[in-house]
Amino acid sequence: MIGQSLMDLWQGFGVALQPHNLMWSFVGVLIGNLIGVLPGMGALSAISMLLPLTYSLHPIPAILMLAGIFYGSQYGGAIGAILLNLPCHPPHAVTCLDGYPLTKQGKGGTALGITMISSFFAASFGIVVMIFASPLLVSVAFKFGPTEIFSIMLLGLICGGTMSKGSPLKGIAMTLVGLMIGLVGTDVNTGTARFTMGLIELSDKVELVALALGLFGVTEFLRSVNRMEVVAKGVKMRLRDMRPSKAELKQSFFPMVRGTLIGTLFGAMPGTGPTITTFIAYAFERKISKTPERFGHGAIEGVASPEAASHSKTQVDFIPTMSLGIPGDAVMALILGALLIQGIQPGPQLITEHADLFWGLIASFWIGNVLLVILNVPLIGIWVKLLQVPYRYLYPAALFFIAVGVYSTNNSLFEIGEVLIFGLIGAVFVALDFSVAPILLGYVLGPMVEENFRRALLLSRGDMMVFVQRPISGGFLAVCAFLILTQLFFAVRSGQRKKMAKLRPVTPTAIPVVEEG
Amino acid sequence: MRNLINKYNKDYYGGGLMMLLGLGAVVQGRTYNIGTLSKMGPGFFPVALGTLLMLVGAAIALTAKNSASAAEEKYVRPEWRGWICIALSIVAFVVLGKYGGLLPATFAIVFIAAMGDRKNSLKSAFLLSSAMVAVCVVIFWWALKLQFPLFQWG
């Protein structure tokens, strides 16, 4: 099987290195890198803004480009975090803790160099895991019927809702809201129009791009208008500055390996957001360090480990998305949506039916990561200059790109209205401390969840026990139950802690609380 | 308003909103055929989701953080000017896009949105929106051949 995988991978390189595909991969990492640097624009807004552009492309270059945007924007985020202490993207917030002190000590270049090395190492490891894990997963997934698919999707939804950020209850609520938005439109089984409010435009579902850009674009602008203050001072960066010394390399090697493993582990679990992954990697590194007091004052390990974790997670995240059709987080949900728009149904049959796409994508990951390392050296200077563009010029321009992008998906002005509505809804939710990312997960999975739920019960003649009795499905449900119980346990325990804390004051932790993309 | 927010913390509103949304889904879902477990109608899933959301909403409100921690939260002044301008700019794009064409719509969305920021002057907003009009013509109309007339009447 391994030999077969390597053969397939070889062919994948053939696909990814075709000039046309290579070009789109390049465009993807470049634009992703650019948008990743900009404050307030993460992978989610980058992918949703450029999604319409891929409609006219062949599926392979389209998906290569989207994947490129994804990991390109991650590299970009680290730049602002380290050089300017701007955690533009939540996963990089933890990188600021040690990255910025390093910059102040004049070692910002080294921090970026280490970031690049650990990112590349971690991504490569994640890719290797993907090559060997996906075919295994697929051989299991072929045994799945509607019952199993429903249970594993339920697991994905619970993970996505409870584990990403903040209160698990609120995450679940947002997932449910997303599932409901997914219901809008015509019921496939009976043709009944549901929740369309009599609007013909809504009978064909809510538009994915409109939903994503409303929630992650407009909501963000509404939140930061007149509040975002970017003061970036001139930072010069030369190639020479970025080369870490031998001692620094040695110091960050094991943190890098540990971060990679943590990221891989969390990537395999659907629903754990990138932010939580980087935080855990950082906390772990600080815990096992012999000199924990250095953390927060420019410890290079505090940069290497979380950056490695976020990059291996990014790659491993693609495994459940591509081979089971179950996205782990909102970004993956968007990529899944893009595949569906291209007429490709992600799932176990994807690897066999679209072998060129799957292995081409994996090969492009490697090529893209190499491109990023090469690009980053000359581009960092430009990106830093770009950070000095004031927010007050950025967001009106971005609004225009959103409007035109959404219009071009279906040549419909109605969908731009949808963007506004979802932007306002998102702003209300965010103001009430809800995180909007699970909505996208619920929206993408919703129709599939309902379909499989109905089909499973049709086959079992209405016997709900079928979900528990079938072993694979029962196993997934047991994990679901376990997750909910542990969440309850932690909730109760933190409640007790709060009572204890009232009796004696505790020192606040150094780690800031941020929210998931 | 400030006292109200401190006194009743956000989770009451959040939980209440979720219960309201859930109720709405149940009420609307009941108008579709619910069917039976073995042969579900289009109303089954909406009603089930709505019920769940109501329960979760109730749980959010019940487990709301105690008022002490809510009082610590800083009261943030609403940013009306920014919000109204952003909302209006999108509406303007839709309306002008339908009755005026791509160019007026582009100018309007950038100009109105830019006016939402207190630091933008009329002049800088005008320059920015003019620049975006140029970008729009070159990239979307000329290079990407967007199906959207530059000008149209009615």
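Residues numbered from 1 in each chain as written. Chains lettered and ligands numbered in written order. Predicted model: local features only at pLDDT ≥ 70, side-chain atom pairs only at ≥ 80, totals over all residues. Heavy atoms only, no water.

Undergrad: Give me the overall build of chain B: which residues, what numbers.
TA: Within chain B, the secondary structure is distributed over seven helices and zero strands. Counting across all 154 residues of chain B, residues that qualify as buried make up 42%. Put simply, of all contacts in chain B between residues at least 6 apart along the chain, 60% involve residues at least 24 apart. Total accessible area on chain B is roughly 8600 Å²; 71% of this is exposed by carbon and sulfur atoms. (Helix = DSSP H or I, 4+ residues; strand = E, 2+ residues; numbered from the N terminus. Buried < 20%, exposed > 50% of the residue type's maximum accessible area, 1.4 Å probe, protein only. Contact = heavy atoms within 4.5 Å. Areas by Shrake-Rupley, 256 points an atom, 1.4 Å probe, with all protein chains shown as cover.)

Undergrad: Account for the overall build of chain A, naming residues and giving values.
TA: Across its full length, chain A carries 21 helices and two strands. Relative to its length of 517 residues, chain A is compact, with a C-alpha radius of gyration of 22 Å against a globular reference of 24 Å. Overall size of chain A, expressed as C-alpha extent along the three principal axes, is 70 × 65 × 55 Å. Partitioning the intrachain contacts of chain A with sequence separation of at least 6 by distance along the chain shows that 81% fall at a separation of at least 24. Taking the average place of the 34 positive charges on the side chains of chain A and the average place of its 27 negative ones, the gap between the two points comes to 13 Å. (Rg over C-alpha atoms; globule rule 2.2 N^0.38 Å. Lys, Arg positive; Asp, Glu negative; His and termini not counted. Charge placed at Lys NZ, Arg CZ, Asp CG, Glu CD.)

Undergrad: Explain the interface of chain B and chain A to me, and be specific about the residues and the numbers.
TA: The interface of chain B with chain A comprises 67 residues on the first partner and 58 residues on the second. Inspection of the region where chain B meets chain A yields two salt bridges. Close ionic contact of B:Asp11 with A:Lys170 constitutes a salt bridge, the shortest N to O distance being 2.7 Å. Counting every contact that joins chain B to chain A gives eleven residue pairs in polar contact (both at pLDDT 80 or more). Elements that contribute at least two residues to the side of chain B that touches chain A include exactly helix H2 (10-29), helix H3 (44-62), helix H5 (80-99), helix H6 (102-114) and helix H7 (122-143) of chain B. Of the residues in the side of chain B that touches chain A, the class split is 39 nonpolar, 17 polar and eleven charged. (Salt bridge = Lys/Arg side-chain N within 4 Å of Asp/Glu carboxyl O. Polar contact = N/O pair within 3.5 Å; in protein donor to acceptor, adjacent residues only side chain to side chain. Nonpolar A, V, L, I, M, F, W, Y, C, P; charged D, E, K, R; others polar.)

Undergrad: Just give me the short version of the confidence of the model for chain A, but keep the residues and values in it.
TA: In this model, chain A carries an average pLDDT of 82, and 90% of its residues clear a pLDDT of 70 or more. Looking over chain A, one finds the lowest element-wise mean pLDDT in helix H21 (residues 471-503) of chain A, namely 79, and the highest in helix H18 (residues 414-431) of chain A, namely 92. (pLDDT = per-residue confidence, 0-100.)

Undergrad: Pulling in residues and values, what's your account of the environment of A:Ile149?
TA: Residues and elements named next belong to chain A. Of note, Ile149 is situated in helix H7 (residues 146-163). Judged by its relative accessible area of 25%, Ile149 is partly exposed. Separated by 300 residues in the primary sequence, Ile149 and Val449 have C-alpha atoms spaced 8.0 Å apart. The residues touching Ile149, leaving out its near neighbours within four places in the chain, are Phe144 and Asn452.

Undergrad: Hey, could you go over helix H6 (residues 108-141) of chain A for me, with residue numbers and the actual values?
TA: In this model H6(A) runs 46 Å from its N-terminal to its C-terminal C-alpha over 34 residues, within 8% of the 50 Å that 1.5 Å per residue would give. Bending of H6(A) peaks at approximately 30° at the position of A:Ala133, with proline A:Pro135 no more than four residues after it. (Expected span 1.5 Å × (residues − 1). Bend = angle between axes of the 7 residues up to and from the residue.)

Undergrad: Lay out empty space enclosed by the protein with the relevant residues and their values.
TA: Empty pockets left among the atoms are what a rolling probe the size of a water molecule brings to light. All names here are of chain A. Using the criterion set out here, one finds three cavities of 30 Å³ or more in the structure. Space inside the largest cavity adds up to approximately 40 Å³. In terms of lining residues, the largest cavity is bounded by Leu51, Thr54, Pro59, Ala62, Ile63, Leu66, Ala338, Leu339 and Gln342. Looking at the lining of the largest cavity, the elements that each hand over two or more residues are helix H4 (59-84) and helix H14 (330-341). Among the elements that make up the lining of the largest cavity, the one with the highest residue count is H4 (four residues). Looking at side-chain class alone, the lining of the largest cavity contains seven nonpolar, two polar and no charged residues. (1 Å grid on protein atoms, 1.4 Å probe; cavity = no way out; pocket = protein on both sides within 12 Å on 5 of 7 lines; lining within 4 Å. Points joined across faces, edges and corners; volume = space filled by probe spheres on them.)

Undergrad: Describe the packing of helix H9 (residues 208-224) of chain A against helix H17 (residues 391-410) of chain A, and please don't skip the residues or the numbers.
TA: All names here are of chain A. At a closest axis distance of 11 Å, the pairing of H9 and H17 adopts a crossing angle of 165°. In terms of orientation, H9 lies roughly antiparallel with respect to H17. Note on packing geometry: the crossing formed by H9 with H17 is left-handed. Of the residues in H17, those touching H9 at Val209, Ala210, Leu213, Gly217, Val218, Glu220, Phe221 and Ser224 are Tyr391, Tyr395, Ala398, Leu399, Ile402, Val406 and Thr409. Considered class by class, the residues forming the contact of H9 with H17 number eleven nonpolar, three polar and one charged. (Axes fitted to C-alpha atoms, helices over the stretch in contact; angles between N-to-C directions. Parallel < 35°, antiparallel > 145°, perpendicular 65-115°, else oblique. Left-handed = near helix turned anticlockwise from the far one by under 90°.)

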